[in-house]
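Close look at the chain arrangement
Single-letter residue listing:
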Amino acid sequence: PYALIPTGIELNLFYKEKHDREEILKLRRSLGIDDNDLVFVNIGRVAPEKSLDMIVKEFAKDLKNYQAKLLIVGDGPAMTGLKELVKELEMEKYVILTGAVPWADVPKYYQAGDVFVNASVTETQGLTYIEALASSLPLLARYDTNLEEIITENVNGLFFHDFDEFSKQSIRMIEDKELRER
């Protein structure tokens, strides 16, 4: 005998309306995020297969010329290397690594972001995508067939296929406020 046990997400915990805007602004400021910064946020396990190092490299190459920050929330086996990379690229001003945060605070970190970004192609459930959407964030994700039913291109997010395209799509998110808000 077998049974399907769905992974549950309490979506209402992530709704923007559930969070005090002043509290979120206070969190952003405590992280060194200016009121006008556009924040790309990734929440999850920090592991090699997540390709966060490539996002940091592209951010260093193309995105530090914009008023944008990269907020990585979580911990894992690749954190030490990621910290070293951020330092080596002199990106401490642009990349914020929080480490693990209490689960109860995770929805606030989504609200502190403006765009959810993920470069992993090894997601089996993609819960963070659903949490980000429940948080009213557009998605910027590396293309994977399992995301075709989650992301509708130009409606709730954008795909990128390689890291040159990541930079182009990120800049598009920065420059096109109407797209982001849609």
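See above for the structure.
Described in the following lines is the structure provided in the data block.

To continue, consider the nonpolar core. Counting 31 residues, the largest nonpolar core has F40 and L70 as the members making the most contacts within it. Of all elements in the fold, only β1 (38–43), α2 (52–63), β2 (68–73), α3 (79–88), β4 (115–118), β6 (157–160) and α6 (163–175) reach the threshold of two or more residues within this core. Those residues in contact with F40 that sit more than four places away from it in its chain are F59, A68, K69, L70, L71, V115, V117, L140, S170, M173 and I174. With 27 residues, the next largest nonpolar core counts L31, L71, A112 and Y129 among its residues.

Before going further, it helps to spend a moment on the sheet that holds strand β3 (residues 95–99). Taken in spatial order, the 6 strands of this open sheet run β3-β2-β1-β4-β5-β6, and their pairing is parallel. Only two strands of the sheet have a single partner each, and these edge strands are β3 and β6. Pairwise comparison of adjacent strand axes, ignoring direction, gives a mean angle of 20° for this sheet. For β4 and strand β5 (residues 139–142), the ladder comprises 3 bridges, and the chain directions are parallel. Bridge pairing in β5 links F116 to L139. Where α3 meets the sheet, it contacts β2 and β3, and its direction lies at approximately 155° from that of β3.

With that out of the way, let us pick up the environment of S136. Relative to the elements of secondary structure, S136 occurs in the loop between α5 (127–134) and β5. Using a relative accessible area of 43% as the deciding quantity, one classes S136 as partly exposed. With 22 residues separating them in the primary sequence, S136 and D114 have C-alpha atoms 8.8 Å apart.

Among the residues of α5, those classed as buried are T128, Y129, E131, A132 and A134. The elements touched by buried residues of α5 are β1, α4 (106–111), β4 and β5. Count one or two residues on from α5 and you reach S136, which has phi positive near 70°.

Rules used in this analysis
- Residues numbered from 1 in each chain as written.
- Predicted model: local features only at pLDDT ≥ 70, side-chain atom pairs only at ≥ 80, totals over all residues.
- Heavy atoms only, no water.
- Core = buried A, V, L, I, M, F, W, Y, C linked by side-chain atoms within 4.5 Å.
- Buried < 20%, exposed > 50% of the residue type's maximum accessible area, 1.4 Å probe, protein only.
- Helix = DSSP H or I, 4+ residues; strand = E, 2+ residues; numbered from the N terminus.
- Contact = heavy atoms within 4.5 Å.
- Pairing = 2+ DSSP bridges.
- Axes fitted to C-alpha atoms, helices over the stretch in contact; angles between N-to-C directions.

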